[in-house]
Amino acid sequence: MSSDLWDSKIESMKKDKLKELQLKRLKELVNRVYSKNKYYKLKFDEAGVKPTDIKQLSDIEKIPFLTKHDLREYYPFGLVCTEMDDIVEVHASSGTTGKPVVGPYTANDVDLWGEVMARALYANGMRKSDRMQNAYGYGFFTGAHGFEKGAQKIGAMVITIGSGNTQRQIKILKDFKSTVIACTPSYSLYIAEVAEEQGFDPKNDFNLKLGTFGAEAWSEEMRRNVEKRWGIHAAEHYGLTEIIGPGVVSECKHKKLHINADHFLPEIIDPNTGETLEPGEEGELVFTTLTKEAFPAIRFRTKDLATLFEEPCECGRTLPIQSRIKGRSDDMMKVKGVIVFPSQIEAGLMQVEGVSEFYQIVKTKKGDMTELSVEIEPTETRWREGHLDDLEKKAEDEIYSILNLHVPVKAIQPKTIERSTGKAKRVIER
Ligand SMILES: [Zn+2]
């Protein structure tokens, strides 16, 4: 059992010991940011909080939240808490919705990143003998770099192909006998599709046994399809540039997302009031980086909706568990008074035999009203069979059973929805 843990001392630590460690680190962190960064000091002063006010873990609630808005305001290096000379690596988010989020790292931060990613990949089943085809985009984005650092720490081979050039991905999968693929779940399905066009059977013609997927919200039903299609174990990764990149959680064999809470202290809050919620209640995830040096985030609001659990897991880990992300609060849609997340529609679609993994949610605004419809690509076989209104009806019924909302579904010709080598665009506006 313990051989499945990369760092059993931490990962199976007693709950009260973990809380002691978290409190010690929180106190050090608060002292450090207060004395080293004028913006953090101002934030604390305005809220009337002093570092000495932090006496127990729940005192964290006295500290104001850090938001995306703060990060934009102090772009690029305003929240750095070390000397600029100590920064050895910088990453950034794509910045599609404004200024990018900047992630600076000291040498210790880089080490920490490798360590938590090694924990995560080891928990997924990666070992030294593995060969990981790294099909995340290299560049500014944290994804590829985090997976590379973790895999190398384990001692596995990193195949640094990056994203895109799908024909070449297939050739390298075959020639290099890759055993692990790292990319977005939707890109893995696109690779499978192209491989099939070339006459390969993704399940039997490659050496893959594990997929380490992230950077995309996907449903449990989609995960089952990815696993079936490739004949692999598909593991979920979760992380954010603001926190460290991937490596915030380690998903175990029982598919539980264990938070690396010795470094990233989680909270769940009511997204409307900011009040702290109890374990088991759904709300917005908030993280505090307890040990990061260059850019510590204190009570960062992720906008991701999830639930925290403290129960022990069969895998032996005692680290707290977060549910799969239900959706970003930004992705939430309100249709005829019903709250809708894209992942719920996906969960419905994936129940229907003959619906492929390529679909698109179409959002139409009529005045203040939002209307939704869904376009699905049937599988090639199902498309040739015809009677597609039966398929559409089945998909509508499945969505209705989840949302209690009628969302019209239209079957369109296979291979018309644009394929992505990174994050799939599931919702479009027309
Ligand atoms: Zn577990």
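Figured I'd write up the structure that's included with this text.

Calculation rules
- Residues numbered from 1 in each chain as written.
- Predicted model: local features only at pLDDT ≥ 70, side-chain atom pairs only at ≥ 80, totals over all residues.
- Heavy atoms only, no water.
- Donors = N, O, S within 2.8 Å, 3.2 Å for Na, K, Ca; no water.
- Tetrahedral: all angles 85-135°; square planar, octahedral: opposite > 155°, others 65-115°.
- Pairing = 2+ DSSP bridges.
- Helix = DSSP H or I, 4+ residues; strand = E, 2+ residues; numbered from the N terminus.
- Axes fitted to C-alpha atoms, helices over the stretch in contact; angles between N-to-C directions.
- Contact = heavy atoms within 4.5 Å.
- Left-handed = near helix turned anticlockwise from the far one by under 90°.
- Nonpolar A, V, L, I, M, F, W, Y, C, P; charged D, E, K, R; others polar.
- Buried < 20%, exposed > 50% of the residue type's maximum accessible area, 1.4 Å probe, protein only.
- 1 Å grid on protein atoms, 1.4 Å probe; cavity = no way out; pocket = protein on both sides within 12 Å on 5 of 7 lines; lining within 4 Å.
- Points joined across faces, edges and corners; volume = space filled by probe spheres on them.
- Phe/Tyr/Trp six-rings, centres within 6.5 Å; stacked < 30°, edge-to-face > 60°.
- Lys NZ or Arg CZ within 6 Å of the ring centre and 35° of its normal.
- Patch = residues over 30% accessible without salt bridge, like charges linked within 9 Å, V, L, I, M, F, W, Y side chains within 5 Å.
- Areas by Shrake-Rupley, 256 points an atom, 1.4 Å probe, with all protein chains shown as cover.
- Salt bridge = Lys/Arg side-chain N within 4 Å of Asp/Glu carboxyl O.

**Topic: the coordination of the zinc ion**
Here is step 1: Here the zinc ion is held by Cys252 (SG), His258 (NE2), Cys313 (SG) and Cys315 (SG), and the distances to it run 2.1 to 2.3 Å.
Here is step 2: Relative to the metal, the four donor atoms surrounding the zinc ion lie at angles of 101 to 115°, and the coordination shape comes out tetrahedral.

**Examining the sheet that holds strand 6 (residues 210–213)**
Here is step 1: Strands sit in the order 4-3-5-6-7 across an open sheet of five strands; the sheet is parallel. Edge strands, defined here as strands with exactly one partner in the open sheet, are strand 4 (157–159) and strand 7 (233–236). Looking at each pair of strands side by side, their axes are set apart by 20° on average, direction ignored.
Here is step 2: Relative to strand 7, strand 6 runs parallel, the two sharing four bridges. What sits directly across from phenylalanine 213, in strand 7, is glutamate 236.
Here is step 3: Where helix 9 (residues 220–230) meets the sheet, its contacts fall on strand 6 and strand 7, and the angle it forms with strand 7 comes to roughly 145°.

**A look at the packing of helix 8 (residues 185–197) against helix 9**
Here is step 1: Two elements in contact, helix 8 and helix 9, have axes whose closest approach is 10 Å; the angle formed by their N-to-C orientations is 35°. By crossing handedness, the relation of helix 8 to helix 9 is classed as left-handed. Across from Pro185, Ser188, Leu189, Ile191, Ala192, Glu193 and Glu196 in helix 8, the residues of helix 9 making contact are Met222, Val226, Arg229 and Trp230.
Here is step 2: For the contact of helix 8 with helix 9, the class distribution of residues is seven nonpolar, one polar and three charged.

**Let's talk about the pairing of strand 2 (residues 102–106)**
Here is step 1: Counting buried positions along strand 2 gives five out of five residues, so the element sits mostly inside the fold.
Here is step 2: In strand 2, alternate side chains face the same way, and those of Val102, Pro104 and Thr106 on one face and Gly103 and Tyr105 on the other are all buried.
Here is step 3: Pairing geometry for strand 1 (residues 87–92) and strand 2, over five bridges, is antiparallel. Within the sheet, the bridge partner assigned to isoleucine 87 lies in strand 2 and is threonine 106.

**Things to note about the sheet that holds strand 20 (residues 369–378)**
Here is step 1: Reading across the sheet, the four strands line up as 21-20-19-22 and stay open at both edges, with mixed pairing between neighbours. One side of each edge strand has no neighbouring strand; the edge strands of this open sheet are strand 21 (409–411) and strand 22 (427–429). For this sheet the average axis-to-axis angle between neighbouring strands, irrespective of direction, equals 30°.
Here is step 2: Seen against the sheet, helix 10 (residues 342–349) touches strand 19 (355–366), strand 20 and strand 22 and runs at an angle of roughly 140° to strand 19.
Here is step 3: The sheet strands contacting helix 12 (residues 388–403) are strand 19, strand 20 and strand 21, and the helix crosses strand 21 at an angle near 145°.

**Topic: empty space enclosed by the protein**
Here is step 1: This structure, assessed with the given rule, holds one cavity of 30 Å³ or more.
Here is step 2: By volume, the largest cavity is sized at about 130 Å³.
Here is step 3: Taken together, 15 residues line the largest cavity, and the ones lying closest to its centre are Leu71, Tyr74, Pro76, Val102 and Phe295.
Here is step 4: Mapped onto the lining of the largest cavity, the elements with two or more residues apiece are helix 4 (68–73) and strand 2.

**Details of unusual backbone geometry**
Here is step 1: Cis geometry marks the peptide bond from tyrosine 75 to proline 76, where omega comes out at -5°.
Here is step 2: For proline 76, the location among the structural elements is in the loop between helix 4 and strand 1.
Here is step 3: For lysine 255, which is not a glycine, the phi torsion comes out positive at approximately 60°.
Here is step 4: Positionally, lysine 255 belongs in the loop between strand 10 (249–251) and strand 11 (257–259).

**Remarks on the packing of aromatic side chains**
Here is step 1: This model, assessed by the stated rule, comprises 10 aromatic pairs.
Here is step 2: When the ring of tyrosine 136 is compared with that of phenylalanine 147, the centres are 4.7 Å apart and the planes differ by 25°; the resulting orientation is stacked. Residue tyrosine 136 is found in the loop between strand 3 (131–134) and helix 6 (142–154), and its partner phenylalanine 147 is found in helix 6; the two are separated by 11 residues along the sequence.
Here is step 3: For phenylalanine 147, a relative accessible area of 2% corresponds to the buried category.
Here is step 4: Its end group placed over the ring of tyrosine 122, arginine 127 keeps NZ or CZ at 3.6 Å from the ring centre.
Here is step 5: Positioned above the aromatic ring of phenylalanine 358 is the side chain of arginine 419, whose terminal nitrogen or guanidinium carbon lies 3.6 Å from the ring centre.

**Topic: the layout of surface pockets**
Here is step 1: Estimates place the volume of the second largest pocket at around 680 Å³.
Here is step 2: In terms of lining residues, the second largest pocket is bounded by 27 residues, among which Arg229, Val355, Ser356, Glu357 and Thr379 are the most central.
Here is step 3: Secondary structure elements with two or more residues in the lining of the second largest pocket: helix 8, helix 9, strand 19, strand 20 and helix 11 (380–385).
Here is step 4: Ranked by residues supplied to the lining of the second largest pocket, first place goes to helix 9 with five residues.
Here is step 5: Residues belonging to the lining of the second largest pocket are distributed by class as follows: six nonpolar, six polar and 15 charged.

**Digging into the environment of leucine 57**
Here is step 1: Locating leucine 57 in the fold gives a position in the loop between helix 3 (38–47) and helix 4.
Here is step 2: Non-local contacts of leucine 57, meaning those with residues more than four positions away in its chain, are made with Lys19, Gln22, Leu23, Leu26 and Leu265.

**Re a nonpolar patch on the surface**
Here is step 1: A surface patch of nonpolar side chains, about 360 Å² in accessible area, is lined by Phe77, Met84, Val90 and Phe140.
Here is step 2: Turning to its location among the elements, phenylalanine 77 is positioned in the loop between helix 4 and strand 1.
Here is step 3: On the basis of relative accessible area, phenylalanine 77 is assigned to the partly exposed category, the value being 34%.

**Here we look at the pattern of salt bridges**
Here is step 1: Applying the stated criterion to the full structure yields 36 salt bridges.
Here is step 2: Between aspartate 262 and arginine 119 there is a salt bridge; the shortest N-O distance is 2.8 Å. Placement of the pair is aspartate 262 in the loop between strand 11 and strand 12 (264–269) and arginine 119 in helix 5 (residues 107–124), with a sequence separation of 143 residues. Accessibility classification places aspartate 262 together with arginine 119 in one group, the buried group.
Here is step 3: Measuring nitrogen to oxygen at the nearest pair gives 2.4 Å for the salt bridge that ties arginine 324 to glutamate 220. Of this pair, arginine 324 sits in the loop between strand 15 (321–322) and strand 16 (327–328) while glutamate 220 sits in helix 9; the two residues are 104 residues apart in sequence, bridging distant segments of the chain.

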